[in-house]
Amino acid sequence: MDNLPVDNFQSSFKYYKSKDLPPSLENVVILDHTVNSLLKPIKVIPQSSSFPGLRLPESWNVFELTSRPGLVVIANPFTGTGQRYWMSRSVLDFHRGLSKNNLLPSQFNLHQYPDGWWEHLQTIGDPLQRQKLSKALRWATLGFHYDWTNKVYSDDNRTQFPSDLAAMVQYIASALEISSFSPEAAIVNYYPIGSTLAGHTDHSEEDLTAPLFSFSFGLAGIFLIGGMTREEKPDALLLKSGDVVIMTGNSRQYYHAVPRVCASGEIAVENDRWQSGCYLNELELDQQGDGGSEMCFNRWQKCHDNDFWSPIHDYMHGSRININVRQVRRLEGQVRKESTLL
């Protein structure tokens with residue numbers, strides 16, 4: 001028994017998850033403008049055109065985590081409208097239609113609430129009941145739908161991938177000089193305060209050299225990134241609303257987890273340069289426009305309407321949303337060169 005390996009990953013997970021004794025955030029890496037030896041700046045490739053809801057790539061703050069080669073982070077490249085857009089798409093659209101989600105009949109009576117989870121949530125006046133239902137939606141899958149029981153993807157369990165999400169990911173990939181990436185599957189995770197994601201690796205895709213793109217919106221979260229084994233002590237990153245993580249190279253198979261979703265004000269108490277998540281009332285909106293051909297016209301337009309945005313804003317003040325996008329199948333004839341980021 002004395003020779004059993006020490007699970008340092010789980011020890012860190014429990015530390016940052018703790019409710020009885022809130023953890024110190026002294027060693028958490030923050031994606032800001034201050035100097036941090038763990039963050040190596042990376043230059044991006046200017047693009048011939050802009051993308052709705054994103055600032056120009058040359059203004060992005062992009063880093064590689066030096067302790068985890070291949071782990072690339074972007075400090076919020078989104079405009080205010082961009083953040084509103086992807087939050088509204090997640091809350092209103094990504095759990096409907098051709099997607100699949102955790103709202104099984106035993107948990108949510110679809111016949112009793114034919115208009116859907118979000119619409120019924122707006123009709124509940126009792127705060128406790130409203131809070132309970134707001135936490136009911138936990139995940140939705142897009143494109144290839146993951147088989148959670150058998151841990152596989154199947155061509156028989158696949159629907160159309162959202163074109164706006166695919167276009168946005170491919171634009172970011174191009175700016176980072178990541179070639180031949182095909183967005184084929186996404187898992188949208190809905191994290192209420194108090195929820196976690198246990199340590200794991202992603203290894204069900206055919207091509208484990210293809211990167212994984214992860215987008216955070218809403219409340220801040222602590223993200224742990226370790227190594228190939230659970231013996232390795234992980235690094236902790238604070239991911240704020242709009243921050244992006246791209247797992248490339250070896251980091252694609254590193255253990256990672258989310259032990260904590262930070263309530264509003266929780267972080268600012270410890271250090272006033274740390275923002276607690278999302279000052280959603282202060283998002284600077286783009287000029288109206290129409291979002292171009294890439295975006296859902298109706299959603300883009302409504303994101304400028306505060307009456308439309310207000311209930312989504314209220315929901316996001318108690319939640320964190322993560323959209324992670326991946327390529328499932330190895331592309332025919334694909335030979336992936338080493339990323340210039342590494």
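Okay, so let's go over this structure. Counting restarts for each chain, with residues numbered from 1 along the sequence as it is written. Per-residue local features of the predicted model are confined to residues with pLDDT of at least 70, and side-chain atom pairs are confined, for both listing and counting, to 80 or more; whole-chain, interface and lining totals are unaffected and use all residues. Calculation of side-chain values draws on the structure's entire complement of heavy atoms; hydrogens and water are dropped beforehand.

**With respect to the overall build of the protein**
The secondary structure content of the protein amounts to seven helices and 14 strands. Note on exposure labels: buried denotes an accessible area under 20% of the residue type's maximum, exposed denotes more than 50%, and partly exposed covers the range between, all computed with a 1.4 Å probe on protein chains only. The buried share of the protein, reckoned over its 342 residues, is 52%. Only carbon and sulfur atoms are counted for the fraction: they give 49% of the accessible area of the protein, which is about 16200 Å². Helix numbers and strand numbers start at the N terminus; a helix is a DSSP run of H or I with at least 4 residues, a strand a run of E with at least 2. All accessible areas in this document rest on Shrake-Rupley with a 1.4 Å probe, and a residue is counted as covered only by the protein chains that are shown.

**Here's the deal with the pattern of salt bridges**
Only one rule defines a salt bridge in this text: a Lys or Arg side-chain nitrogen within 4 Å of an Asp or Glu carboxyl oxygen. All chains considered together, the criterion is met by 14 salt bridges. Here Glu 119 and Arg 96 are joined by a salt bridge, their closest N and O atoms 2.6 Å apart. Note that Glu 119 is positioned in helix H3 (residues 117–121) and Arg 96 in the loop between helix H2 (80–93) and strand E5 (100–101), a separation of 23 residues in sequence. For Arg 96, a relative accessible area of 28% gives the class partly exposed. Salt bridges here are not isolated pairs; linked through shared partners, they connect Arg 89, Asp 93, Asp 164 and Arg 299.

**What to know about the sheet that holds strand E4 (residues 71–75)**
For two strands to pair, DSSP has to find at least two bridges joining them. Strand order in the open sheet formed by nine strands is E2-E3-E4-E12-E9-E14-E7-E6-E5, with antiparallel pairing between adjacent strands. Taken across any chain shown, the strands that pair with only one partner, and hence form the sheet edges, are strand E2 (39–41) and E5. Across three bridges, the pairing between E2 and strand E3 (residues 61–65) is antiparallel. Bridge pairing in E3 links Pro 41 to Phe 63. Any pair of residues with heavy atoms lying within 4.5 Å of one another is described as a contacting pair. Each axis is a line fitted through C-alpha atoms, and for a helix only the stretch in contact is used; angles between axes span 0 to 180 degrees, taken between their N-to-C directions. Across the sheet, helix H5 (residues 163–175) touches E4, strand E6 (139–143), strand E7 (185–192), strand E9 (212–218) and strand E14 (319–326), and the angle it forms with E9 is around 115 degrees.

**Overview of the sheet that holds strand E13 (residues 256–261)**
Note: strands within a sheet are paired through backbone hydrogen bonds, in either parallel or antiparallel orientation. The five strands lie next to each other as E1-E11-E10-E13-E8, forming an open sheet whose pairing is mixed. Two strands in the sheet have a free side with no partner beyond their single neighbour: strand E1 (29–30) and strand E8 (197–200). Of the strand pairs in this sheet, E1 and strand E11 (residues 235–239) are connected by two bridges, and their pairing is parallel. Bridged to Val 29 within E11 is Leu 237. Against the sheet, helix H1 (residues 8–17) engages E8, strand E10 (221–225), E11 and E13, with an angle of about 15 degrees to E13.

**With respect to H2**
Expected helix span is computed as 1.5 Å times (number of residues minus one). The end-to-end C-alpha distance of H2 is 19 Å, a good match for the 20 Å that 14 residues give at a rise of 1.5 Å each. Most of H2 sits out of view: 14 of its 14 residues are buried.

**Some words on the nonpolar core**
If you look at the biggest cluster of nonpolar residues, it comprises 55 residues, and the most contacted ones within it are Leu 165, Phe 213, Phe 215 and Val 325. When residues of this core are assigned to their parent elements, the largest contribution, eight residues, is made by H5. If sequence neighbours within four positions are ignored, Phe 213 has contacts with Val 169, Ile 172, Ala 173, Ile 178, Phe 181, Val 245, Ile 246, Ile 323, Asn 324 and Val 325. What is meant by a nonpolar core is a set of buried Ala, Val, Leu, Ile, Met, Phe, Trp, Tyr and Cys residues, joined one to another through side-chain atoms within 4.5 Å. Counting 20 residues, the second largest nonpolar core, distinct from the first, contains Leu 31, Leu 39, Leu 71 and Leu 239.

**Here we look at the pairing of strand E12 (residues 244–247)**
Neither face of E12 is left uncovered, since the one carrying Val 244 and Ile 246 and the one carrying Val 245 and Met 247 both have all their residues buried. Pairing geometry for E4 and E12, over four bridges, is antiparallel. Within the sheet, the bridge partner assigned to Ile 74 lies in E12 and is Val 244.

**Describing the packing of H2 against helix H7 (residues 306–316)**
Packing of H2 against H7 leaves a shortest axis separation of 10 Å and a crossing angle of 75 degrees. Comparing their axes, H7 and H2 come out roughly perpendicular. Contacts between H2 and H7 involve Arg 84, Met 87, Ser 88, Val 91 and Leu 92 on the former and, on the latter, Asn 306, Phe 308, Trp 309, Ile 312, Tyr 315 and Met 316. Here roughly perpendicular refers to angles of 65 to 115 degrees, roughly parallel to angles under 35, roughly antiparallel to angles over 145, and oblique to all remaining angles.

**Things to note about the state of the cysteines**
Note that a disulfide, as used here, is simply two cysteine sulfur atoms within 2.5 Å. All chains considered together, the criterion is met by zero disulfides. Cys 303 supplies the cysteine sulfur nearest to Cys 296, a cysteine that is in no disulfide, at a spacing of 9.1 Å. By relative accessible area, Cys 296 is classed as partly exposed at 27%.

**Comments concerning the packing of aromatic side chains**
Any pair of Phe, Tyr and Trp rings, taking the six-membered ring for Trp, is counted once the centres come within 6.5 Å. Such a pair is stacked with planes under 30 degrees apart, edge-to-face with planes over 60 apart, and tilted for the rest. Under the defined criterion, the tally for this structure stands at 15 aromatic pairs. Arranged with centres 5.4 Å apart and planes meeting at 40 degrees, the rings of Phe 51 and Tyr 171 form a pair that is tilted. Of this pair, Phe 51 sits in the loop between E2 and E3 while Tyr 171 sits in helix H5, and the two are 120 residues apart along the sequence. One aromatic cluster is present, built from ring pairs that chain together Trp 139, Phe 144, Tyr 146, Trp 148 and Tyr 153.

**Things to note about the environment of Arg 89**
Positionally, Arg 89 belongs in helix H2. Residue class for Arg 89 comes out buried when judged on its relative accessible area of 13%. It is 9.7 Å that separates the C-alpha atoms of Arg 89 and Leu 165, two residues lying 76 residues apart in sequence. Not counting residues within four places of it along the chain, the set of residues in contact with Arg 89 comprises Phe 94, Pro 162, Asp 164 and Arg 299. N or O atoms within 3.5 Å of each other form a polar contact, as long as, within protein, one can give a hydrogen and the other can take it, and as long as residues adjacent in sequence are counted only when both atoms are side-chain atoms. Within the structure, Arg 89 has its side chain in polar contact with the side chain of Asp 164 (distance 2.8 Å).

Coordinates in, geometry out; function isn't part of it.
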